[in-house]
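An overview of the molecular structure
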Amino acid sequence: MDKIKEAATEYSGPILARPVPDITEPVFVLGANGSILNHSRAAAALTEFASEDFFDLLHPDDRHSFSSALDQRSSESTIMARIVTPEGHRLCRWSLMDTGDGAILAIAKPLNDAAEAEGLPAEAELADALFRSENTVGLVLDGEGFIVRFSPGAERLSGLQAEEVLGTPIWKTVIAPEQADVVRRCFELPLKSRQWAQDIVWRTGDGGRRRLSCSITAVGGNDQRAAYFVANAIDLTECCAAQRQLAEAEERYRRLVELSFELEVTQCEGRIVSMNQCGAEFLGADSPEIFIGRPITSLYAPDCRETVSQRAQLTVERWESAPLEEREMLRLDGSTVTVEVAAIPMKYQGRPATHAVIRDISRRKANERELLRYREHLEELVAQRTTELVAVNRELETFSHSVSHDLHAPLRAINGFVGVLQEDFGDQFRGGALHYLGRVAANTERMAGIIDNLLILSRVTRQTMKQQPVDLAEVGRSVLEELRIAEPDRQTEILFDDGMQAVGDPALLRVVVQNLLGNAWKYSAREAAPRIEFRTEEDEKGRRHFCVRDNGVGFDMTHAKDLFGAFNRFHSPSEFEGEGIGLATVKRIILRHGGEVWAHSSEGEGACFCFRLPGVKRN
């Protein structure tokens, strides 16, 4: 600086005949209008300028402030401005000196990483280490708000490099537009304090927004204006977002509690601190305010208050949810109501508390009592009906025996008299008389068979069942052996699966197999090569069932719905004997076992009868 002052002293005219003496600093000699009168070699090396107008060498945004500094200069003043260099714009600290004869010396101090801190006040030098940290969002501003320091942390947060912002007004680069005027006015007004905190909205290079809390310290200058400002900022964006989410969550929680149809109440240190409107109305009040501050136990019947207090204390101590419990609550009118209470631990203004959700179950309890009374009555009614049913079954059994005896006696008498007439007086009958006597005898025998079958059908319905494993293949072989003994000369192809295991009553299941195999034997008798199959099959759902299949006369499926009814026959007695009671018996037995039975056939192509029993397994 001494050499620069010496150059200014030696300067004696508006235009120098030779460059400013050989000094290291870039020096320009300017006219009043900003024209370049002379310069140092360092100035030429710095900018490599080709214009004679100094303002052409400045960044457009800095020309106005530099011009104002020239107009208002004193004997010596300082300003920050960017100058054009081959690498771009470079921020410089300019010292302006009036030579006294209308010329101005403009001495530039380029700011770079090595020299940025030079010339700053001692307070700024102490902050230099902090500003070099990548985690610190720090700035140094000159007295007019131009950025002279931009920390690595500020670069990271803003997405801007220091070269892009140095020498620019802070409100034009990193401050959000909506706060730009407020920040700018802070540098135009006199200082009110040397240190203060301020929240700002930070603008990033990609157009984003960050909320910062800044601690600002004025450095140097006087009571009215500072030479520099040091700003250290903390990014509050995530914190603000978290606070906003928390506030929104609290608002949602408050609304949910208010909209809840259950009673919700919070207690802290044994006192009610909040209650929803629904809860207040449930207890008979117009507003929850009447309950605030009352003991939580005052909401309950006297005999359960101690339990409620202990439960609340345990919930907080263990810090775990309390399971549902039934309690009696006390309304304002003195009436009690049965409720169900669940509670969770929580914090209320930093203190342990519990929040309870209470549901009115008085109607449910009334329904349970009514159901219990109905169940007790139903059990009495079932016992009564069971007794009546047992009596009816006894009467039916007695009636069946009586009917069997009373009907068989006349039939035996008729059959006996017919025999006497045929043997003793047969030679006295003429024409078809003996034929008619034979038909009377045959029909009495058929009537006796029908009576016996009806008795069998009634016993199937009433007979006590014994559930045990049954090998249906073994039962089938036994039945077919009986059929062969009855017709020893008949040749029939028999196909059985082995190990057809089922669970049921052995006697009743033998009746089923006996009827189905008997029908197959009977209706295939006229075939040249009769064939009977008894197999285990599986449907599309993987369920097992048993099938008896023959190649006999079959039947028309249009009448299948009547197939399992009592006394329903698809063939006349002259074609095939029988009373039509066998398939009805089969259906009743299978239904009693909890199974199902069905059939399919075509006339002249045989028939297939299938049944399924619970728990059927294939060996």
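Our subject in this report is the structure included herewith.

How each quantity is defined
Residues numbered from 1 in each chain as written. Predicted model: local features only at pLDDT ≥ 70, side-chain atom pairs only at ≥ 80, totals over all residues. Heavy atoms only, no water. Helix = DSSP H or I, 4+ residues; strand = E, 2+ residues; numbered from the N terminus. Buried < 20%, exposed > 50% of the residue type's maximum accessible area, 1.4 Å probe, protein only. Contact = heavy atoms within 4.5 Å. Areas by Shrake-Rupley, 256 points an atom, 1.4 Å probe, with all protein chains shown as cover. Core = buried A, V, L, I, M, F, W, Y, C linked by side-chain atoms within 4.5 Å. Phe/Tyr/Trp six-rings, centres within 6.5 Å; stacked < 30°, edge-to-face > 60°. Expected span 1.5 Å × (residues − 1). Polar contact = N/O pair within 3.5 Å; in protein donor to acceptor, adjacent residues only side chain to side chain. Pairing = 2+ DSSP bridges. Axes fitted to C-alpha atoms, helices over the stretch in contact; angles between N-to-C directions. Parallel < 35°, antiparallel > 145°, perpendicular 65-115°, else oblique. Left-handed = near helix turned anticlockwise from the far one by under 90°. Nonpolar A, V, L, I, M, F, W, Y, C, P; charged D, E, K, R; others polar. Patch = residues over 30% accessible without salt bridge, like charges linked within 9 Å, V, L, I, M, F, W, Y side chains within 5 Å. Salt bridge = Lys/Arg side-chain N within 4 Å of Asp/Glu carboxyl O.

1. Observations regarding the overall build of the protein chain
- Across its full length, the protein chain holds 17 helices and 23 strands.
- By the burial criterion, 41% of the 619 residues in the protein chain qualify as buried.
- Considering only residue pairs separated by 6 or more positions, the protein chain has 51% of its internal contacts joining residues 24 or more positions apart.
- Counting only carbon and sulfur atoms, one obtains 51% of the accessible surface of the protein chain, whose full area is about 34,900 Å².

2. Considerations on the nonpolar core
- Within the largest apolar cluster, 37 residues are counted, with the highest numbers of intra-cluster contacts made by Ile147, Phe150, Ile170, Trp202, Leu212 and Phe229.
- Residue contacts for Phe150: discarding those within four places in its chain leaves Gly138, Leu139, Glu155, Ser158, Leu160, Ala162, Val165, Leu166, Val174 and Trp202.
- Counting residues in hydrophobic clusters, the runner-up holds 36 residues, among them Val475, Leu563, Phe564 and Leu583.

3. Observations regarding the packing of aromatic side chains
- Per the counting criterion, the structure on display carries 13 aromatic pairs.
- Measuring from centroid to centroid gives 5.4 Å for Phe546 and Phe611, while their planes differ by 35°, and the two rings are tilted. A residue pair is termed long-range when its members are at least 10 positions apart, and Phe546 in strand E20 (residues 544-550) and Phe611 in strand E22 (residues 607-612) qualify at 65 residues. The pair formed by Phe546 and Phe611 is uniform in burial state, with each residue classed as buried.

4. Remarks on helix H16 (residues 506-523)
- In a regular helix each residue adds 1.5 Å, so 18 residues correspond to 26 Å; H16 covers 26 Å between its end C-alpha atoms and thus fits that length.
- The backbone nitrogen of Ala507 has a side-chain oxygen 3.2 Å away, supplied by the residue at the start of H16, namely Asp505.

5. Here we look at the sheet that holds strand E7 (residues 147-150)
- Strand order in the open sheet made by the five strands is E7-E6-E10-E9-E8, with antiparallel pairing throughout. A strand with exactly one partner marks an edge of an open sheet, and here the two such strands are E7 and strand E8 (195-203). Pairwise comparison of adjacent strand axes, ignoring direction, gives a mean angle of 25° for this sheet.

6. Considering the packing of helix H15 (residues 472-486) against H16
- Two elements in contact, H15 and H16, have axes whose closest approach is 9 Å; the angle formed by their N-to-C orientations is 50°. When the axis of H15 is compared with that of H16, the two are oblique. By crossing handedness, the relation of H15 to H16 is classed as right-handed. Residue-level contacts link Leu472, Val475, Gly476, Ser478, Val479, Leu480, Glu482, Leu483 and Arg484 of H15 to Leu509, Arg510, Val513, Gln514, Leu517, Gly518 and Trp521 of H16.
- A breakdown of the residues in the contact of H15 with H16 according to their chemical character gives nine nonpolar, four polar and three charged.

7. Things to note about a nonpolar patch on the surface
- Nonpolar side chains collect at one region of the surface, where Val420, Leu421, Phe425, Phe429 and Leu434 lie side by side and expose about 370 Å² of accessible area between them.
- Within the secondary structure, Leu421 sits in helix H13 (residues 362-424).
- Judged by its relative accessible area of 31%, Leu421 falls in the partly exposed class.

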